[in-house]
Each structure stands twice: as C-alpha cells, then as structure tokens.
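This is what each chain is made of:
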Amino acid sequence: MSNFYEERATMIAAGDLQEFVPFGRDHCKHHPNALNLQLRQLQPASELWSSDGAAGLVGSLQEVTIHEKQKESWQLRKGVSEIGEEVDYDEELYVAGNMVIWSKGSKSQALAVYKAFTVDSPVQQALWCDFIISQDKSEKAYSSDEVEKCICILQSSCINMHSIEGKDYIASLPFQVANVWPTKYGLLFERSSSTHELPPGPPREPLPTMFSMLHPLDEITPLVCKSGSLFGSSRVQYVVDHAMKIVFLNTDPSIIMTYDTVQSLHSVWALRRVKPEEENVVLKFSEQGGTPQNVATSSSLTAHLRSLSKGDSPVASPFQNYSSIHSQSRSTSSPSLHSRSPSISNMAALSRAHSPALGVHSFSGVQRFNLSSHNQSPKRHSISHSPNSNSNGSFLAPETEPIVPELCIDHLWTETITNIREKNSQASKVFITSDLCGQKFLCFLVESELQLRCVKFQESNDKTQLIFGSITNIHAKDAAPVEKIDTMLVLEGSGNLVLYTGVVRVGKVFIPGLPAPSLTMSNTMPRPSTPLDSVSTPKPLSKLLGSLDEVVLFSPVAELRDSSKLHDSLYNEDCTFQQLGTYIHSIRDPVRNRVTLELSNGSMVRITIPEIATSELVQTCLQAIKFILPKEIAVQMLVKWYSVHSAPGGPSYHSEWNLFVTCLMNMMGYNTDRLAWTRNFDFEGSLSPVIAPKKARPSETGSDDDWEYLLNSDYHQNVESHLLNRSLCLNPLEVSQMKDEDFSQNLILDSSTLLFTHIPAIFFVLHLVYEELKLNTLMGEGIRSLVGLLVQLARDLKLEPYVDHYYRDYPTLVRTTGQVCTIDQGQTGFMHHPSFFTSEPPSIYQWVSSCLKGEGMPPYPYLPGICERSRLVVLSIALYILGNESSVSDESSQYLSRIAIVPQKSQAEQEENRFSFRHSTSVSSLAERLVVWMTDVGFTLRDLETLPFGIALPIRDAIYHCREQPASDWPEAVCLLIGRQDLSKQACEGNLPKGKSVLSSDVPSGTETEEEDDGMNDMNQEVMSLIWSEDLRVQDVRRLLQSAHPVRVNVVQYPELSDHEFIEEKENRLLQLCQRTMALPVGRGMFTLFSYHPVPTEPLPIPKLNLTGRAPPRNTTVDLNSGNIDVPPNMTSWASFHNGVAAGLKIAPASQIDSAWIVYNKPKHAELANEYAGFLMALGLNGHLTKLATLNIHDYLTKGHEMTSIGLLLGVSAAKLGTMDMSITRLLSIHIPALLPPTSTELDVPHNVQVAAVVGIGLVYQGTAHRHTAEVLLAEIGRPPGPEMEYCTDRESYSLAAGLALGMVCLGHGSNLIGMSDLNVPEQLYQYMVGGHRRFQAGMHREKHKSPSYQIKEGDTINVDVTCPGATLALAMIYLKTNNRSIADWLRAPDTMYLLDFVKPEFLLLRTLARCLILWDDILPNSKWVDSNVPQIIRENSISLSEIELPCSEDLNLETLSQAHVYIIAGACLSLGFRFAGSENLSAFNCLHKFAKDFMTYLSAPNASVYAVSLHFQTGPYNLETCLSVVLLSLAMVMAGSGNLKVLQLCRFLHMKTGGEMNYGFHLAHHMALGLLFLGGGRYSLSTSNSSIAALLCALYPHFPAHSTDNRYHLQALRHLYVLAAEPRLLVPVDVDTNMPCYALLEVTYKGTQWYEQTKEELMAPTLLPELHLLKQIKVKGPRYWELLIDLSKGTQHLKSILSKDGVLYVKLRAGQLSYKEDPMGWQSLLAQTVANRNSEARAFKPETISAFTSDPALLSFAEYFCKPTVNMGQKQEILDLFSSVLYECVTQETPEMLPAYIAMDQAMRRLGRREMSETSELWQIKLVLEFFSSRSHQERLQNHPKRGLFMNSEFLPVVKCTIDNTLDQWLQAGGDVCVHAYLSGQPFEESQLSMLACFLVYHSVPAPWHLPSVGLEGSTSFAELLFKFQHLKMPVRALLRLAPLLLGNPQPMVM
C-alpha cells in the first residue's frame, strides 16, 4: 500500500474540468449556410484518429477526413486584444465545409462569435497570420513596423485574406497547395507534389516546392535554402526537394522543422529574409553558363509560374505536373481571382505603403503576365530542348524577368541517423517548451515509436544563431506544452498524464472526476479510484518531503529503461482498464495553462493545470531564489515545491506561505516539526495527507500538550499584547518554557539536503526581497510573514547585524532571544558564501537617509527584474537629490550593484534595453528629467501611491515642480504622473484618429421635426454662445440665411388695382424676392461649414429650397407656377445645385463615410438631381469623394446630366488638389477637346462642363508648373470661335477658366518657370490682356482653328473683351507675392484719357487687384494707400474727391473717369481683403469700412449731397452696386469667422434691399459676405497661403451673375472653392473636469517681421488664432487655470492637430478659482484669497466651502466625513480642527496628494505618544521627510525659486519634530535610559520596552553595539571626547546629547 501512497503523494491535482465542444460547431448549426453541412452526424472522434504516425496531420491543426465528405478542424490560441494589453481567454478558429468561424471566450468570459466567413469552395485550411506593412525590407526594420493582422482561408485554387481593419484580399494560387504556414514575415506555402512530377524530355531540375508571400498584394515567390555541403562551401538554391515536408513552423525564434521522407530524418532551419547577394546568386544561374540544368530552371520556372498565375491553361507548357482537370476547374472559377494586378482591391492597393509593382527586379503587374505559356517562340524551343546551347543569357533576359525570392532558410540541425529508424517516423506534433529556469526545448512526438524527443537549444552569445544540444527521449503517446508555467503534459503509453518541466519529471496529474489508470500490479481487477481512497494515514510533512526525492527525481534515461521492461505488462493492464471506462486518448489545443483532453469515448474535456504559486509574496520569493541558484538545483527546488503545492486538496491561498516556508526549510535541512514557530502553522485543517502536520497523539481525553500548544501559539501572544488585555488587567500567563527547551537540544540542520549549501545566498536574496517589499505599502502582511523566516535564518547563520536590523524594523515580532538551530561547525565550510554577501544588512531606508544627509553610501545591491522598486528609488534619489544626471542614463550606475551568480546575459540585456532613457522629449531641469525618466520606466501614479510617504516625498516634490510649467509636447504618461489631466487628455486625444471630438454636437437629426429643417440646426450652440455671448447675432444670421420657409410678400392693394392685377403684382414681387432666396444657399454653406457628422445609416438631410410666399394679412400662399406671369425656364437649377453644395459642406472632413453611403444618398426623383450634383461637389471639397469607387464615378458621368458632371469633375479635382493624379487627369481630359489628340472623335461636351474640367485641371496640377498643361491652357485662353455654334456662347467664362487654371498650374512660380521660357508665358498673357494681332496657332490643334466662325466676326486680332480677365488673373497668380515690379507696371491703370477709353472699367478692377497681389509686401491697410492706386488724371478730375465742380477740359469724359475711379478703388480694396484675409486687422477693417460707407452714401443718392447725386448718375448704380459688393466681400474676408457686428449690420441692411438694380448676383455677393463673416460657425478663418488665394480668386471673382442661370462670365459652381482657403483656427478651452467649453486667457506672442517687432497680445479664448506661421508661442495664462505653453518655434504640427480636432484645448482650473463664466470679474474668489493669507481664519475654515476650491470627489467626501463637527465632540474636536486645517492647507497649496502623508504623520505621533508603535516604518518615513526638508538640495531649490509655493506647511514639521523628541525624552527619563544602556552593553532588558527602544534607536540613528568605539562605553570623560570618538559613525549631535549621560556614566540625563 505504501507504494500506492507515494504515488499519490507526487500527484498534481488539475483544476476544474469542463466539457469541451468547439464553439464553432454549435454556431455552424444555426448558421444560414447550415443546410449543406451534415455536422449533426459527425462520428465520434475516436474512430476518426488513426493511430498511424504519418496520418497525424501537421501541428495543432489536426484535420479529420471522413470520406472527404465533411471535414471539421479547429485550433485555439491565446487571446490577443486590440489594444495590446494582457488578456486571458482563448480564441478559436473553427473550419467546417465552406465556413470558418472565429470565436473568443473562456470560462470566465462568455463565448462569442467574433467573425464568421463563408467561401465558395471547401476550406482546406484557415489560420491567423500577421503581415508586415513596411517600406523597408531589411531584417532590422522588423521590430517597429506596423502589422496587419489577418485571417487567411485556403481554398483549392485561391487564398482569401481578411484583415481585422476590414480589408479583403484574394490571391490566386499558381499551384496546388498542400499546406500553408504563418511565419514572422508572411505566409509560407508548400506545393503538393503530384505523381507525374518529372516532365518528359531531357533531365532538368524540378520546380521549387516551397513559396512565400509577404503581403496579400505581393507576388508568390519561391523559397531559397542555404545549406553547407560536404566540402564546406555553402550553396544557395531554390527548395526543390519533394521529400522535404514541413512539420512545424515557429515565429519567435523564426525556425522551421522539416522531415525528409526518404531519409526519415528531421531537420531544423532558420527562416529569414534573403540577403541581396544571395538573391543575385539565384538569379544569375542562367548567366554562369554552368550546368545547363540551371539555365532552364530559372527561366522556365518563372515562365511557368507566370503562365499559371495568368490563369491560362498550362496544358501545352512543358511541365506536365498539373492534371488538365485541375486547370479547367481553375479557369471556370471567377476570373477576378487570377489576375494579380492591383485591380483586385483598388483601395487596398492605394493604402499599401509600396504598390506590388515596385518590387526589386519586376515589371508592373500588368506587363508581368503577358508571356504566352505556349511554346511557339522558336528561340525558347531551342533552349528548352538543346542542353548544350550556351548562348542563353542574351535573349532570355528580356522575355522572362525572374521572380526574386524573398525568404531564405538556413540549415541549423539534423537529428543523428540511427539504424533502426522506421520509414514513417514523421513527427505528428512539434512544439517548443521551456523549463522552469527558462531553458528552451524543441520537442517532437514520433507516434509510431511512442517517443517524445526533446532537443535543448539556446541562443549563441552574439544572438545571431541557435545552438542545438542532444536529444532526450521520453516515452509518450501524446504531449502538449503548458506555457504559462513552463512545463509540458505528457500522456504515457499506460494512459497516465504526467507533468514534465523540460526533461525533468514533476509528477502525475490527477484529474478529479476522471478515473486514473491504477498502477498497483497486485490488484487483479483495477478499479477506478476516487479521490477519497487516497486519504490514508497521514505522515509528517518533512518525512514526506524527504521521500519525494526518490520518487520524482528519476534520471529520465533510467525511467525509460524501466518503462521498456514494463511495456508488455502495462499494455495488458491497459486493456483490462479500457474495458472498464474511458481513458485519455490524446491531448490538444494547449493555451496558457489550459489544455483539452480527448477521451476514448469521443468526448473532450478541458482542464486547467494549477499555477506555481498564487500569492504574490511566494511568487516573488520563488523568483528571487530561482535567480540565485544554479539552474539544475533551481529546477529541482521548483519541482519539489510544485508537487507539494499542487497536491490534490492542496492549501488555500492563506496557508500557501506557511506551506512554502515549511517546504523551503525542509529543503535547507531543518526539521520543521521540531521548530517552535513552524510547528504552530495552522494549515486550516486541510485533510490532505501531504500537508497534515504532526498533531498530538490521538486521545479521547485531551492532554496538557494541547494547552501548551495554545499558549505558544501566535494567537495567544497577539491577544496578550492586546489593549483589552491591559484594560481588563489580565495577568500574563506563565508559559512553561520547558517545551521549548526539550526542542532546542537537538535541532541540528541536515547538511545533505538540496539547498543546504546555498542557505546564505537564499537568505541574502530574501533579505533584498524584504527590503523591496518595504517600498510597497500594500505588502505589509507579506513583510511580517517574511520577517519570521529571515530572523530564524539570521540567527542560525549567526548574523547579529541582520537580527538587529529586523528588530529595529519590527520590534514586537523579533524577540531578542529565540530558538536557534545549530549548524554543525564542520558543515559550515560547505556553505557557499556568495561574493555579494555583505555583513552589514543593506537597508533601502538607510540608503535614502544617507543621501538626504549628504553622506556617501556603498552601491545598493539589487536583483534585476525582481527588486525593480528599489532600483527605481535609488536611481531617482541619485538623480534628484544628488543631482547626478548620468545616474539614469548610463546603466553601470555607481549607485547600484547588480547581483548575478552566472553571467546571465540575455536577461541582463533585456533589462538594459527596457530602461534606456529616451531623449524624445524636451527636458530642462532635474525635476523634469526625473519625471520623464520615471514614465519611461513605466512608473505610474498608482505605483507612487503605494510608496511609503517619506520615500515618495522627493518624487512628489519633483512632480510639484513640473506641474507649474510643463512642456506641451510631453507624452500622455508624463502628464498623468504630474497630475495635469488637461495635458494628458490632450496627449491622449492627439493619438486618436480624427473623429468626433468633445464638441461635436450629437443632436439626433430627428429632434427638430416640428420646425422645418433649415439646414442650420447642427451648429455647436455651446461654443457659439461662448464666442458671441452678449447678443443673439447667431440667430439673426440664421434668420437671414434660411431658405426653407416661404417669404413674406407685402404689397399694398391700391384702390385702382383690380384683383387680377393685384395677384400679378404680388407674383412679380415674389419673383423679385426669389432672386434673393435663390442666392442664400451659398452663404448658408459657409455658415454651416464642416459642422456635422452624418449617421452612416441615414441619408443626409437636405433642406428644400422654398420659392413660395405668404401674403399678409391672411397669409395666403403666393406661387410662381400659377401661370399669371412669365417665369424664366430652369430658373431654379443653379439654386438647387448651391443648396446641395451647402448641405454637403456641413459634413466634417473627419466623418466616417464610404462609397456606399454616397451612392445611398442618390435621390429617387429626377428633379432633385441638381441637388445631388451639388452634394457630390461638396464631398469633393471636404475630401470624401476620394472614397467613391471609380465605377460609380464612371456611372455618374455616363448619365450625361450636365450638373452632375460639373459637380463631380470639380469635386474630384478639389479632392486631389495638386497631386497630378493620372486617373483624374484622364477623366478631365475627356471633357476638354484641347487635351484630346486631334484625330479623336468630336465628343459633344456641354460648354459648362468644359469650363469645369479646365478649372479641374488647374486644381489637380496646382503649383506643379507642368509644361504640357500650361501650354494647352495658355492657348485655350485665346481660343478663337469655331465654325457653326461651336465655342460661340459664353466664351468669356471659358477663357477666364483657362486663365485661372493656368495661374494655378504655375502658382507663384514667377519668372523661374523651369523649361517654359520658349512659351513666353508672360508676354503671351500681356498680349491677351491689351490686345493686338493674333499669333499663328502652333501645335496639334491648328486644323480646328482654320475655318473662321460663321457667327462672330473677330478678324485676326485678339478679342480683348474675352481674353483680358483670364490673362490678368493668370499673371496675378503666376507672379503672386513675387514683388516683381516690371510685371506689375504692365498692370498699372492707364493715365491718359485716350488709353482709358480702351479699357473696360471692370477690367481696371482686375488689373489693380492683380498688380497689388504681385506687389504683396507693398499693401498697407490705410485709405491713403488705396487712393495711391488711382492714376493722377482720375484723381485730379474725379468728382468724388472735392465737392466743388472743377472746370474740366472738353476732351475729358467724366463718365469714364468716375467709373474707372470706383473700379480701381474697389480693386485696391479687394487686394486689401486678400492681403489681410482672416487676420481681423483693425486698420484694414477701418479702412475698408470707410469705403463701404462711402459707396452706400453714393448709392442712396436722392437724399445725399449734390456731388454724390452727380456721381451716382455718372457712374451708374450697377457699377456702384458691384463695387459695394466687392468692398463688402473684402471686409468679410478680413473679418472672416469673427462675426463682426458692423459688417453684419451692413449685410443685414443690404439683405433688405430687394428692388431696383438688386439682382441675383448682388444678393449672392452680400450673402457670401455674410457667410464668410460667420465661416463654419466661427470655427474657421481664411488662410493667405498661395493655394488659398488662388481658390479665393475663383470664388470671389468680382463679376456677379445677372440672373440665376447666368454663367456667361464666370461659372457659378466655382463660387464654392472658398472651402479650399478655409482653415480651422478656433481654439476652444475645455475644462477637463466638466468636459465643457469655457473661457480662458491666452497670451499670444507674434514673431517679429519687417513691419513690427516681436509682440505679445492677450486674447480671451475661445478665439480665432492668427495664422500660425506668424506666431512664436501661445500660452494659457494664470491665475485661474494651470499654465500651459505651446511653443510654435519647434513646429506647428501639435497645434495644427489640436485645431483640426475642433480646436479643443484642455485646461484645468486651479484650486479656489471659479471659471470666468461664473465669476467674470474675479470678485467671488477674492474670498478665497483672504483666507489663503495664512492667518487665524484658517481655523475658521468651514468644510462646506471646500467645494469652491476643488472638484475632487475624494477630498469632498473627506471634508464631509472627517471635518464636520457633530454633537458632544469632546476629545475629538482637536483632531477635527487638525483635519480641517490640513485639508485646507492641501487644497489651497494644490497638493491634495499630501493629505494622506499629513494624516499618517499625525497618527504616527499619536501612536508613539501612546507607546503603541509595533513597527518603526512610519517613524522612518517621518525621519526621511524631516531630512528631505533640511537637505541641501531642497534648500538650494528654495533659494532659486523664492516664489514657489510651499510643498509642506512650514509650521507642521517643527511641531512633528518637537512632539517626537518630547515623547522619546519622556521615555528616557521614565526608565528608558536603563534600557538603552542594556542594549548598548549587550545585556538583556524588559520585553515591555522593546518597541519604544526600537523607536529611539531608529529615530536617533543609534549605531549597533558592535559599532561603538572599542574603548568601552564608560571610558570617556567629556562630551567633546565623545564627539570625537563618534565622528566616524556620523551620528547626529542631538542623538549624542541624549546618549551622553549613559556613556559618560553621569546619572543626570542631559535632556534639553
């Protein structure tokens, strides 16, 4: 029976078992596709698995074949979260039929299907694969690249890849694939070899068998291998060996295991990128002219692959290895699968970093496959069939460009050849496992021989290659790794499940609920044993541990021998057993520590293998011990611990520590049963035989032993020292000491045990763990447990200093005397004292204290990876207190000594890399350096809160420093650490993709149903109400711009009007008003620009254009369609186009929109087509049209709807601004006859579409100075009218468009137009502008212009009226901002009457504008400059300047002069608008406003002065209206987005004028001005970049349409191009606590320029910023908000990203401040100010008022519960006052994090006063705090920053110090001196004084007795002598004063 018992002892109990069914199977049944899946009849698994080794398919993907009818397979892997955090669940990929189901979940999380895929043909394999998206193909680029996570689904002819982002790819396969493997780089394919492999004809190398594909869009390329040959030279070649099968592939390390079916050997290869030289070797095969075989290989291979990938039938090709059936089946499948050209997925191709066509030696994808695969070419014939021909290189190259290999495999290891190897010994399962000490093994299971072969391997020192060791065989039927605990499960032939770590056997696994196969040979009928059978008589644990050795630690080899002897009998045993019940058949799907067992009856169960340790303390101790022991011993120790810990019915969480101590001490040679303190461990009555400790003999009566046991228990001692005990005056019981004595006689350590020699090393690392745990306030419980163990070891090792150290830390736990176990003197020599062992205990508190006092300290020892906190504290103190900057950056720090037994390089190096200090962020002071370093190391606020307060103080001080003025570019983690949530939130939002921001209003579209939707209800009211808080101007604008409600038609019916005439009158009035209504949408589009995020499931709401009216008083409807008056045809077509644009422009660029949604918005009714056309143009302007599929664009254009074409062409061009995109160029060229070849068919393109296409060309080629385009456009400006009706109508707009386009193409290039000098662009333009003889038309299009027009007689001079505007603006744009005087002089207004007569006054406006734009820097914002543009002759003779009529000579035409005058003024004003667009420049505003007022005066002539009247009639109201509109637009440009009230009043006044000269065009201009004024609801402004000016010139062209269908001079659609000039510049402060926008004061610093010095300006945000390139920095100013600086000298990227996300800038209110909204003048917080001057009122601080200071819920509730007085307080009043003042202090000084420290210090003082200090750590912390504030570094900082807030109350610390001093001095006088004396002379003293003594020693840093001067204590006579003797001990004088009486033998204590 004992044998059976021992077996049970080493059993490991597996965790809970669940039945396992692949989740996908269940999902399949309910899947819509389930009809054709016969899954319900699945046969039980046992019949499916054949035990034959070769049939066990590869890897964990064991696929089942049931007569090919139905396959199901699945694989599991560890869950991967999207964000990259640790997750612990399984992911399952299940394949059946045509379906692949990916599910996630575990037993703690519900299972859920994540994705399900259904494909067309049966799935052969499905797998996860990560593809790398990178530009750089070198090996080292791998760590950082972005990865595209995909699921790959293999079918017979193609492979589908679906990425998590939602991209789908299909790649067709040029061969049949046997298997596909995921690698680190991409996919690896194995080609299946068919039987008729070798082609007929001469011998030649076969085709490669392995191929790789690195990205779904890359080609499939063959793999090459590099293997050392016998002669040592390595040869690079394609992998062509058919006998080589892959059985395993691993990504990290990247290795492949193959099996050679001929030699029956396994080999391991490293998989890596091909090096360029190897690439060349393979590719140059043909040129070496070596064996002719090589020649054929590369050429025919590529041809063959190509022909296949083209999808041709390869029957005629020389390679007959595909049956023709196969090729037919492939060609019948859908054709799109076969072309690998980028058209597979257009968008995917665009998104890829490098297009597939840019491979190294490749042609583009289309040319790639056009080689015919049929051998017609005689040349190829000769090569293929004449092996001797050597003239190969010459003509092969052009025809077959070889495919470049991308991956290479290097040979690493092959197993040794044995004679008795069976033929099919292919591994059926391979995995990599590591043992408990991190040694790695490659294990492969050869089922046919029931062997698991394990090969140990490790990295070479230089990390370049892997070194393999020898094979160890383990007898096994199946195996699986348990990676979480570094072990593996092995299923033995006998059916036992055994756990191994590496090749060391740990023990059997016992599965509750499954019968274990019994091993007792005596039982003839084995019965399934239950867990209860095993509770046999318990043995003492130590005996058990002793006996473990024999059982567990077999050498694996011996065990194998045994098992072979047992073989037969075991199998017989098995048979009987199998008849009885189920047994385990195989193991599969290991994930973390979970694994599935398949049972013989076909069911599956999933079990969990228990972890090594559950409590943190035990884990840390085990890690430390493992780190210090040699590997073999460490493994044995861990195995022993594991088998004790995981035995069936093992310990619960609490007693795990006791179990650990017992186990560890037993292994060190202790007899734990005899040791007093371990004997009393309570194992919570667990019945397990393993841990039942020795109990008293079983007797019914009980005995005295029981009583003794109780008295000796820890519990008794705790109760004894309890307060109740004192208050009840219970006398301490006499504990009989006898028991202890008879124990202590023979406690000798057994020196033969495993760990005996390593006791000092283990003790030392455990001591370091103890010091580490002291730095975590949450681990107090663990420290107390650990002290017991350490004290015992320290006593036994006779390490007095350590015992003293523990006594000082935990005086009540550490008695000065205790039970000692003797270590035999002879044996101590065997103990291994490591080199790092120090006789003085390292103490982290002591180390920090010495640093603060400025004393030197030895480096502090630390364990890499285990004592990370100690390391962090040491380095941060070194950096911040000692000011040594290099302490954190260089690793071999002089402050730390790293402990290592053997040079464990790998681990150390990982550490190095982990903590390297990245100088990414700007750092100036030490504090900043510290904070940035700490976040780099991964230190967070939670870690800071668990540091003891004294240790954390310097770090908190640094944080307090940084909080005041942080840099804006710090990463999120740093900002979180310093407590600036505003910054961290900003940094966090900065990393998010552009999406909705806090401010985007989420108003559901259905809210405003009751009022008609006017298209303006999605504006962000919150922000607008902050910007314009005083009045309702926004509502007013909304009223002026709405076009969805009927207008009011107010006509008075005079008596003489008949009713019928009255109706006509009303309708005529309505027609007038409708001119205005139709002009409104353009302005509305500006107002609502980018303000809405559409819902992808709903169409965009487009408000309808309402052209009806209501007539008061009865509100009768007036309609234009009644037929009473004539309405122009198509009147509304452009108005509804504008309406569509306005609706589309609401969509913000950051919205998520796709092609489907755009098409989904297409209206059902034909009459809405114009609106949709506008909508498309708007989508182009905000960049969304690039998402529209090419197919749909083609669709829309073929419809032939004129408006749709205009909108689409302009939209697409705007979206591709300046990209020279080829596909768009083709699209536009079709619509421009001049860009088509002369022979092409005459396409009938509507004129307006041509205009749009020309402007589109200008946009796409903007700024590129593309020669051909410029040449064509230059000719088009002067395109003559053709015969018939061609080009005869609206020629002006075409010529203007060509001019604008030419200007855009050469934008700002000026005279340096490279390669265009022969075109003479400026001269030609000048000619177009002033007229002259037409040049002979050169070029392709001469033919077209030969026959003159039959409509227009132009002769052969240039028609200036047509060409002048385009040419003028083209000159302006080409020479924009170049200050080129010579060109500018061409544009001067003529200064003689004769010349003036030749120029249309309108053109003078354009010339003046053009001239000013060229002389950009000369523009000055004053009226004097404006007038300076007017020529002398006009100035002298114009009426407008003087009221007196001048005698004017007869030949002056006053009308001409006055018209020229107003137009020149208007032109100058417009240029002023461009120059100061979006700047809100005050002088520019005043100047323009004056001119606007003047023009208004001239217009309202009849009631103005005489001279105005004459001007009015001479100039003509139409011209004055035009000029007024131009000036108004200029005003709006300058004040864009600002909503200026004066401009709004002008617009409102002009809105009301509807009669007379006011036509559609003027309304359009006025409402565009209104829209610009409120651009984007105040969020947008205009930019003055070249590109913006070009766009604004198109949009604000100063000739307005006469009626709504007028496109003669300027295409109306171009009015919307202003969008390209709008940029977001609104900065909105958002309070980080409330998430609401608020006011904040900004200080903006301008860079100096030639006009002004560097200046500062204060703005109240939310505000529009000036253009960013003008600014140096922006700062959020105090006193109300935390300061924040954005430095723009380093680059504007940061600010741009903030502005593009709605301009949200997070700010944080300071304590005691109210926001500007609640307290505009700052008077309310004055109350706070008075209290803050630290005066007596601090006592009177009412907790209620705290809410004014802080919004932190923790502080508010602290005030609520701890600071509110209650009735009859009595004693507590004092504490309440203290709490209130502390709280007040923390809140006003803004250091709320110091509140716990204050309270802890106060509590510690009180506890010390009551003499109840059981541990001294709090005293240590107070000491450190005091030392920090008196430290030199702190004093220096205070001197450098005198204004800095006080970090801790200066009055509190002296009080603390004084109180503690007093308490200790009283104790000294009350008899403590005797105690101290006894301690120093090493004599015993009273137990009751233990804790106070320790406090005294710690607080006064009294040295240990053995450090005292050897002269003897009483030897000194004077205090001076004492000082001298003690100087090297660095003891403070205060402490010496207290010791002096004892040491001088003078009885009077000298307490001051």
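Please refer to the structure placed before this passage.
Attention in this report is confined to the structure presented alongside it.

Description of the overall build of the chain
- Scanning the chain from terminus to terminus reveals 71 helices and 46 strands.
- Summarising the internal contacts of the chain: among those between residues at least 6 apart in sequence, 70% fall at separations of at least 24.
- With the model as given, the accessible surface of the chain reaches about 83,800 Å², and the carbon-plus-sulfur share is 55%.

As for the side chain of His1599
- Position of His1599 relative to the elements: it lies in the loop between helix 60 (1586-1595) and strand 38 (1622-1624).
- Under the relative-accessibility criterion, His1599 is labelled buried at 12%.
- If we skip the residues at most four places from it in the chain, His1599 touches Glu1402, Tyr1518, Tyr1609, His1610 and Arg1615.

Side note on unusual backbone geometry
- Along the chain, Asp252 connects to Pro253 via a cis peptide bond; the corresponding omega equals 0°.
- Assignment of secondary structure puts Pro253 in the loop between strand 17 (244-250) and strand 18 (255-260).
- A positive phi is found at Lys798, a non-glycine position, where the angle reads about 60°.
- Take Lys798: it is sitting in the loop between helix 23 (780-796) and helix 24 (800-809).
- Residue classification places Lys798 among the exposed positions, given a relative accessible area of 57%.
- The phi dihedral of Phe1090 falls on the positive side, at around 55°, and the residue is not glycine.
- You can see Phe1090 is positioned in the loop between helix 37 (1059-1087) and strand 35 (1109-1111).

A short note on the packing of aromatic side chains
- Counted according to the given criterion, the structure contains 37 aromatic pairs.
- Site record: aromatic cluster; members linked through ring pairs are Phe763, Phe764, Tyr802, Phe836 and Phe837.
- We note Lys115 situated over the ring of Tyr114; from NZ or CZ to the ring centre the distance is 4.4 Å.
- Sitting above the plane of the Trp1651 ring, Arg1475 keeps its charged end 5.1 Å from the centroid.

Describing the environment of Gln155
- Structurally, Gln155 is set in the loop between strand 8 (146-154) and strand 9 (158-163).
- Look at Gln155 and you get buried, because its relative accessible area is 5%.
- Separated by 57 residues in sequence, Gln155 and Asn98 have C-alpha atoms that sit 9.0 Å apart.
- Apart from the residues lying within four places of it in its own chain, the contact partners of Gln155 are Val119, Asp120, Ser121, Pro122, Gln124, Asn160 and Leu173.

Some thoughts on the packing of helix 42 (residues 1202-1215) against helix 44 (residues 1247-1260)
- The interhelical angle for the contact between helix 42 and helix 44, taken along N-to-C directions, is 5°, at an axis separation of 8 Å. By the criterion of interaxial angle, the relationship of helix 42 to helix 44 is roughly parallel. Contacts from Glu1202, Ser1205, Ile1206, Leu1209, Leu1210, Ser1213 and Ala1214 in helix 42 reach Asn1248, Val1249, Ala1252, Ala1253, Val1255, Gly1256, Leu1259 and Val1260 in helix 44.
- In terms of residue class, the contact of helix 42 with helix 44 is built from ten nonpolar, four polar and one charged.

What about helix 60?
- Helix 60 sits mainly inside the fold: eight of its ten residues count as buried.
- Taken together, the buried positions of helix 60 are occupied by Ser1588, Ile1589, Ala1590, Ala1591, Leu1592, Leu1593, Cys1594 and Ala1595.

Considering the packing of helix 54 (residues 1454-1475) against helix 55 (residues 1482-1499)
- At a minimum axis distance of 11 Å, the contact between helix 54 and helix 55 shows a crossing angle of 150°. In terms of their interaxial angle, helix 54 and helix 55 are classed as roughly antiparallel. Relative to helix 55, helix 54 is oriented so that their crossing is left-handed. For the pair helix 54 and helix 55, contact is made by Val1462, Ile1465, Cys1469 and Leu1472 and by Ala1484, Cys1487, Leu1488, Phe1491 and Phe1495, respectively.
- Residue composition of the contact of helix 54 with helix 55, by class: nine nonpolar, no polar and no charged.

The rules behind the values
- Residues numbered from 1 in each chain as written.
- Predicted model: local features only at pLDDT ≥ 70, side-chain atom pairs only at ≥ 80, totals over all residues.
- Heavy atoms only, no water.
- Helix = DSSP H or I, 4+ residues; strand = E, 2+ residues; numbered from the N terminus.
- Contact = heavy atoms within 4.5 Å.
- Areas by Shrake-Rupley, 256 points an atom, 1.4 Å probe, with all protein chains shown as cover.
- Buried < 20%, exposed > 50% of the residue type's maximum accessible area, 1.4 Å probe, protein only.
- Phe/Tyr/Trp six-rings, centres within 6.5 Å; stacked < 30°, edge-to-face > 60°.
- Lys NZ or Arg CZ within 6 Å of the ring centre and 35° of its normal.
- Axes fitted to C-alpha atoms, helices over the stretch in contact; angles between N-to-C directions.
- Parallel < 35°, antiparallel > 145°, perpendicular 65-115°, else oblique.
- Nonpolar A, V, L, I, M, F, W, Y, C, P; charged D, E, K, R; others polar.
- Left-handed = near helix turned anticlockwise from the far one by under 90°.

The values reported here are purely geometric and, on their own, carry no functional implication.
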